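Fold and geometry: a report
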Amino acid sequence: MYISLQGISKQYASVWAIDRVNMAIAKQEFVSLLGPSGSGKTTLLRVIAGLEKPTEGRVLIDGQDVTELPPHKRGVAMVFQEFLLFPHRTVRENLAFPLRMMKMPKAEMDERIDWALGILSLQGLDGRYPNQLSGGQQQRVALGRGLVGRPKVLLLDEPLANLDRELRQEMEVEIRRYQMKLGIPFIYVTHNQEEALSMSDRIAVVNKGHVEDFAERTTLYDKPKTAFIAQFVGRSNKFEGKVTAADGGSCTIDAGGLSLTASGNGGLKPGDAAFAFVKNEKVALAPEGFVGEDNSLPCTVRDVILRGAYAEYLLETSDGLGLVASRPRSGEGPSIGHAVVAHWASGDVDLYPVKPDLGLRR
Amino acid sequence: MIGGLRISRDPRAWIFLGVPSVFLVLLFVLPLVSMIVLSFWRTENYHIIQDWNVDNYYVIATAGAYVTFLIRSLVMAVIVSALCVAIAWPVAYGVIVYGGRYKLLLSLGFAIPFLTGEVLRVIALQGLLGPLGLFNGVLMALGAAPLRFIMYTNFASAIGLVYLYLPIVVTVIYLSLLNFDMRLIDAARIFGAGPFRGFIEVTWPLNLFGTLIGFALCFVPCLSATLVPRFLGGPSGTLYGMALAQQFGESGTWALGAAMGVVLFLLSIAGVLLVFRFVDLRRSGFTGFGRS
């Protein structure tokens, strides 16, 4: 593998910010580190960059052990959340910085800078200072400064967090395009699942300094490996209850009087406490009186949230249990106050034991 | 960009800008003007005689002593300011990087010397450096020869001036570094700069403006220093400021003193302008122009 993290741990005082992380990343891959704030994803990125030294473990880039090397000898580049452009340098000088540090000849340097200005549509702005640029333009310069030196890997630390939604979606497409064009791995840190899902080949979900799963984005979304991933990625209905019956093929859970059927048993035995997740878009709606499938639940529509192409129906059972169903908007959906039946297949229920032992050191 | 001299029409602007303006005119411009006028008169037997002439300036330029004092003061001020900057940088940097939660406390520590009077501090130094002072006293008690170069010399004056103005310079550079985004150093390191190169490319230029303010705040009072050379400088340590003070004191040649003051004022302005001439504020990351 092109980049390999072997048993990386980082301890601050008595806290393990990262705990025994192993990852292998291929050369053409776009990888996201997805996790809530404080999960250790940025620390992990800084370890790869060389800005932090791991307490344990090795970092290998392109076959070379770089664990002991300072950042400037690793051939990495980084795009920071706050851009961190040099305020005393013009756009051109900011882009020239990595090249000057490489002692590149002037002619080649100009060529490279013009190339970067070109692919990032920054022509005509090269004489400006960073504080004369808009947020989006600063972001492009930061990206250009990352790409201009043709690094072995580009590290991106929440680079879109300071941009507005529209610009962010535009940049997502562009960043992915640059990555494919350059054929180097991008490691992208974000707390935003949509960003991670839209750009990545694979996503590592980081929680409490620990990689919960590192998998293809579709696998991660469709078959979440842990309860944390099921909750953090996508939007789901969460149920907590006790397993009442389990055999090889299916499993029944009693969640506060509500009986749920799931296919597969997730390694659970009767009597175990369990979490069950059903993605909002897997919950279908049928008219009152409908019976069928594995799970069906009479509800009342409490509110409808319009999301454009689809709508979210906030439902409530007679017991006061809340539920959300996301449905594409085709024709007339049920309106507020209507009685409906929410139903979903047992195969769409993801089951997890309540207290998984992650074996964390803390 | 400087948006012309458009000042807000809000009446409050007149209070906020007007009060300091009146203050400056009364306490700074008026005395300065009166000093300039006095410098073109003359004094005789402790009386001011109002006949316009340029004799005072002629004396300053031709009587060798004043030129010597002036050059000595300039050299002294440059050396002392440079020393202060050289010492203040690592101190301020250390407090910012390693100060942690004691940063504020440590930075307030810079102000402690100001709690005593300047005279007291200089006399205390005299006690340390003089022939019977702590250093030489200990040396002689041990049977060694005293260090002559710290007794009533220009060297002793330099020590005194560095001691007096170091807290100001440290504070100014500290404030400059406090506003400096240390993560820019991370950016420089990522993009290929080692620690030294990162300092030269990023940290130094972005704090140059603050450093120059620190330099100027040391340089200007050093030029006019009177107390330090009087107590520590010894017979060949007379500085310009001390000679100037004498005109208003013992010798009673106020008009000459005023002329010396005018020369000093012009020199200070020239010095500061010269320094800032070489600084492009944009190149120091100065964003005080706003974005309009």
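In the annotation of an unreviewed UniProt entry, the entry for chain B reads ABC transporter permease, and the organism field reads Zavarzinia aquatilis. One UniProt comment on chain B, placed under Sequence similarities (unreviewed entry), says "Belongs to the binding-protein-dependent transport system permease family. CysTW subfamily." Turning to chain B, the UniProt annotation filed under Subcellular location (unreviewed entry) states: "Cell membrane".

As recorded by an unreviewed UniProt entry, chain A carries the name ABC transporter ATP-binding protein and is attributed to Zavarzinia aquatilis.

A look at the overall build of chain B
For chain B, the count of helices and strands is 12 helices and two strands. Scanning chain B from its N terminus toward the C terminus, one meets helices and strands in the order α-β-β-α-α-α-α-α-α-α-α-α-α-α. With the C-alpha coordinates of chain B rotated into their principal frame, the extents come out at 70 × 70 × 35 Å. Counting all 292 residues of chain B, 33% fall into the buried class. Residue pairs at least 24 apart in sequence account for 70% of intrachain contacts in chain B once pairs closer than 6 positions are excluded.

With respect to the UniProt feature "transmembrane region" (unreviewed entry) in chain B
Residue and element names in this part refer to chain B. Look at the UniProt record and you will see "transmembrane region" (unreviewed entry) annotated at residues 12-41, 61-92, 104-129, 149-175, 206-232 and 252-276. Within the segment residues 149-175, helix and strand shares are 81% and 0% respectively, and the terminal C-alpha atoms sit 35 Å apart. End-to-end, the C-alpha atoms of residues 206-232 are 37 Å apart, and along that stretch the chain is 89% helix and 0% strand.

Re the interface of chain B and chain A
Listed per partner, the contact involves 19 residues of chain B and 20 residues of chain A. Counting residues per element, the ones that place at least two in the side of chain B that touches chain A are α8 (183-190) and α9 (195-223) of chain B. Top contributing element to the side of chain B that touches chain A by residue count: α8 of chain B, with six residues.

Quick look at the UniProt feature "domain: ABC transporter" (unreviewed entry) in chain A
With numbering aligned to this structure, UniProt lists the feature "domain: ABC transporter" (unreviewed entry) at residues 3-233 of chain A. Annotated as residues 3-233 of chain A, this span is 36% helix and 26% strand, and its ends, taken at the C-alpha atoms, are 25 Å apart.

Examining the domain arrangement of chain A
Put simply, an interface is often sized by how much accessible area is lost when its parts join up. We note that the domain assignment places domain 1 (3-228) and domain 2 (235-353) within chain A. Here the C-alpha centre of domain 2 of chain A lies 38 Å away from the C-alpha centre of domain 1 of chain A.

Here's the deal with α8 of chain B
Counting buried residues along α8 of chain B, six of its eight residues qualify, which places the element largely inside the surrounding structure. Taken residue by residue, α8 of chain B has Leu184, Ile185, Ala187, Ala188, Arg189 and Ile190 of chain B as its buried positions. On its buried face, α8 of chain B sits against α1 (41-49) and β6 (76-79) of chain A together with α9 of chain B. The positive-phi residue at the C-terminal boundary of α8 of chain B is Gly192 of chain B, with phi of around 110°.

Let's talk about helix α1 (residues 11-39) of chain B
Here α1 of chain B spans 40 Å end to end across 29 residues, near enough to the 42 Å set by a 1.5 Å rise per residue. Of all 29 residues that make up α1 of chain B, two are buried, and the element is exposed over most of its length.

Some details on the packing of helix α2 (residues 91-101) of chain A against helix α3 (residues 106-119) of chain A
The angle between the axes and the distance between the axes are what describe a pair of packed helices. Residue and element names in this part refer to chain A. One way to put it is that α2 packs onto α3 with a least axis distance of 10 Å and a crossing angle of 125°. Here α2 is positioned oblique relative to α3, judged by the angle of their axes. Judged by the sense of rotation from one axis to the other, the crossing of α2 with α3 is right-handed. Counting all contacts with α2, which are made through Arg92, Leu95, Ala96 and Leu99, the residues of α3 involved are Met109, Arg112, Ile113 and Ala116.

Regarding the pairing of strand β14 (residues 273-279) of chain A
All names here are of chain A. Among the seven residues that make up β14, six are buried, leaving the element largely enclosed by the rest of the structure. Note: strand β11 (residues 236-246) against β14, seven bridges, orientation antiparallel. Counted as the bridge partner of Phe239 is Ala276 from β14.

A look at the environment of Pro287 of chain A
Residues and elements named next belong to chain A. Inspection of the secondary structure puts Pro287 in strand β15 (residues 284-287). On the neighbour-count criterion, Pro287 (10 C-beta atoms within 10 Å) is exposed. The sequence separation of Pro287 and Asn265 amounts to 22 residues, and the corresponding C-alpha distance is 30 Å.

A word on the nonpolar core
Counting 102 residues, the largest nonpolar core has Leu44, Ile48, Leu154, Leu155, Ile187, Val205 and Ala276 of chain A as the members making the most contacts within it. For this core, the domains that each give at least three residues are domain 1 (3-228) and domain 2 (235-353) of chain A. The residues contacting Leu155 of chain A, other than those within four sequence positions of it, are Leu45, Ile48, Ala49, Val76, Met78 and Ile187 of chain A. By size, the runner-up hydrophobic cluster in this structure holds 54 residues, among which are Phe110, Ala158, Phe215 and Cys222 of chain B.

Regarding the packing of helix α3 (residues 64-98) of chain B against α9 of chain B
Residue and element names in this part refer to chain B. In contact at an axis separation of 8 Å, α3 and α9 are set at 145° when each is read in the N-to-C sense. Crossing geometry of α3 relative to α9 is assigned as right-handed. For the pair α3 and α9, the contacting residues are Ser73, Met76, Ala77, Val80, Ser81, Cys84, Val85 and Ala88 in the first and Thr211, Gly214, Phe215, Cys218, Phe219, Cys222 and Leu223 in the second. A breakdown of the residues in the contact of α3 with α9 according to their chemical character gives 11 nonpolar, four polar and no charged.

Some points on the sheet that holds strand β7 (residues 153-157) of chain A
Residue and element names in this part refer to chain A. Spatial strand order, β6-β7-β8-β3-β9-β10: six strands in an open sheet with mixed pairing. Among the strands making up the open sheet, the edge pair consists of β6 and β10 (210-216). Looking at each pair of strands side by side, their axes are set apart by 20° on average, direction ignored. The pairing of strand β3 (residues 30-34) with strand β8 (residues 186-190) spans five bridges and is parallel. Each bridged residue has a counterpart across the sheet, and for Leu33 the counterpart in β8 is Val189.

Let's talk about unusual backbone geometry
If you check the backbone angles, Arg150 of chain A has positive phi at about 45° while not being a glycine. For Arg150 of chain A, the location among the structural elements is in the loop between α4 (135-147) and β7. Its 15 C-beta neighbours within 10 Å are what place Arg150 of chain A among the partly exposed residues. A positive phi angle, close to 45°, is found at Asn45 of chain B, a residue other than glycine. Following the sequence through the fold, Asn45 of chain B ends up in the loop between β1 (42-44) and β2 (47-49). Take Asn45 of chain B: there are 6 C-beta atoms within 10 Å of it, and that puts it in the exposed class.

The rules we used
Residues numbered from 1 in each chain as written. Chains lettered and ligands numbered in written order. Predicted model: local features only at pLDDT ≥ 70, side-chain atom pairs only at ≥ 80, totals over all residues. UniProt positions renumbered as here; feature names shortened; annotations may be inferred. Helix = DSSP H or I, 4+ residues; strand = E, 2+ residues; numbered from the N terminus. Buried ≥ 20, exposed ≤ 12 C-beta atoms within 10 Å, placed from the backbone. Contact = placed C-beta atoms within 7 Å. Domains from an automatic or database assignment. Expected span 1.5 Å × (residues − 1). Axes fitted to C-alpha atoms, helices over the stretch in contact; angles between N-to-C directions. Parallel < 35°, antiparallel > 145°, perpendicular 65-115°, else oblique. Left-handed = near helix turned anticlockwise from the far one by under 90°. Pairing = 2+ DSSP bridges. Core = buried A, V, L, I, M, F, W, Y, C linked by C-beta atoms within 7 Å. Nonpolar A, V, L, I, M, F, W, Y, C, P; charged D, E, K, R; others polar.

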